[in-house]
Amino acid sequence: QISNGSSIKQFLHLAFADTWEMQLSNFWLFLGIYLAPLPDNGLIITTIAYDHHLHTPCTYSSTISITGPKSMADSLWDTRAISYLGRAVQVFLFVFFFCLLTVMAYNRCVAICKPLHYRTLLGRRACVHMARAAWPVVVS
């Protein structure tokens, strides 16, 4: 009795371009998109560092940081494979940052639209509940 012993350990994704010149231009495009927010984030961090009234928890992240470096490396080195574990980490981080950014957007919306009700709507308990609600979405 013969069994099927083949196994696939990686994903293959399509390239953006077939020629080296187009792959190189895609690399520079991704690099530009990836580096564009850095001056803004640096200005925000500097402003927060110099004004003690702004020392509140905040996250500086972008979903481009999850898939951008891998896409740039693939364009530069002409590779098209990613392992199952690598893809699983990308999906996990993408969903996690999406949930985190959603909670942060709700936080800013309440702070701007209902500033007098902020403490009652978004106290410590509400933040813990939102964090607990985000984890099952990410894990499942």
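Right, let's walk through the structure included here. (Residues numbered from 1 in each chain as written. Predicted model: local features only at pLDDT ≥ 70, side-chain atom pairs only at ≥ 80, totals over all residues. Heavy atoms only, no water.)

Looking only at helices and strands, one finds six helices and two strands in the protein. In the protein, the succession of α and β elements from N to C terminus is β-α-α-α-β-α-α-α. Evaluated residue by residue, the protein yields a buried proportion of 16% over its 140 residues. In the protein, once contacts between residues fewer than 6 apart in sequence are set aside, the share between residues at least 24 apart is 69%. (Helix = DSSP H or I, 4+ residues; strand = E, 2+ residues; numbered from the N terminus. Buried < 20%, exposed > 50% of the residue type's maximum accessible area, 1.4 Å probe, protein only. Contact = heavy atoms within 4.5 Å.)

Moving on to the packing of aromatic side chains. Considering all chains together, one arrives at two aromatic pairs under this definition. Measuring from ring centre to ring centre gives 5.2 Å for F27 and W28, while their planes differ by 75 degrees; the resulting arrangement is edge-to-face. For F27, a relative accessible area of 13% translates into the label buried. With centroids separated by 6.4 Å and ring planes inclined at 5 degrees, the aromatic side chains of F92 and F96 adopt a geometry described as stacked. Taken together, the residues span about one helical turn, with F92 and F96 both in helix α4 (residues 84-113) at a distance of four residues. Using a relative accessible area of 32% as the deciding quantity, one classes F92 as partly exposed. (Phe/Tyr/Trp six-rings, centres within 6.5 Å; stacked < 30°, edge-to-face > 60°.)

Between its first and last C-alpha, α4 extends 43 Å over 30 residues, near the 44 Å set by a 1.5 Å rise per residue. Looking at α4, one finds that the buried residues are Q90, F97, C99, N107 and V110. (Expected span 1.5 Å × (residues − 1).)

Taken together, L85, V89, F92, L93 and W135 make up a surface patch of nonpolar side chains, about 460 Å² in accessible area. Among the elements that line the nonpolar patch, the one with the most residues is α4, at four residues. (Patch = residues over 30% accessible without salt bridge, like charges linked within 9 Å, V, L, I, M, F, W, Y side chains within 5 Å. Areas by Shrake-Rupley, 256 points an atom, 1.4 Å probe, with all protein chains shown as cover. Salt bridge = Lys/Arg side-chain N within 4 Å of Asp/Glu carboxyl O.)

Residue placement: A73 occurs in helix α3 (residues 64-77). C-alpha of A73 to C-alpha of F27: the two residues are 46 residues apart in sequence and 7.7 Å apart in space. With residues near it in sequence (within four places) discarded, A73 still touches D78 and T79.

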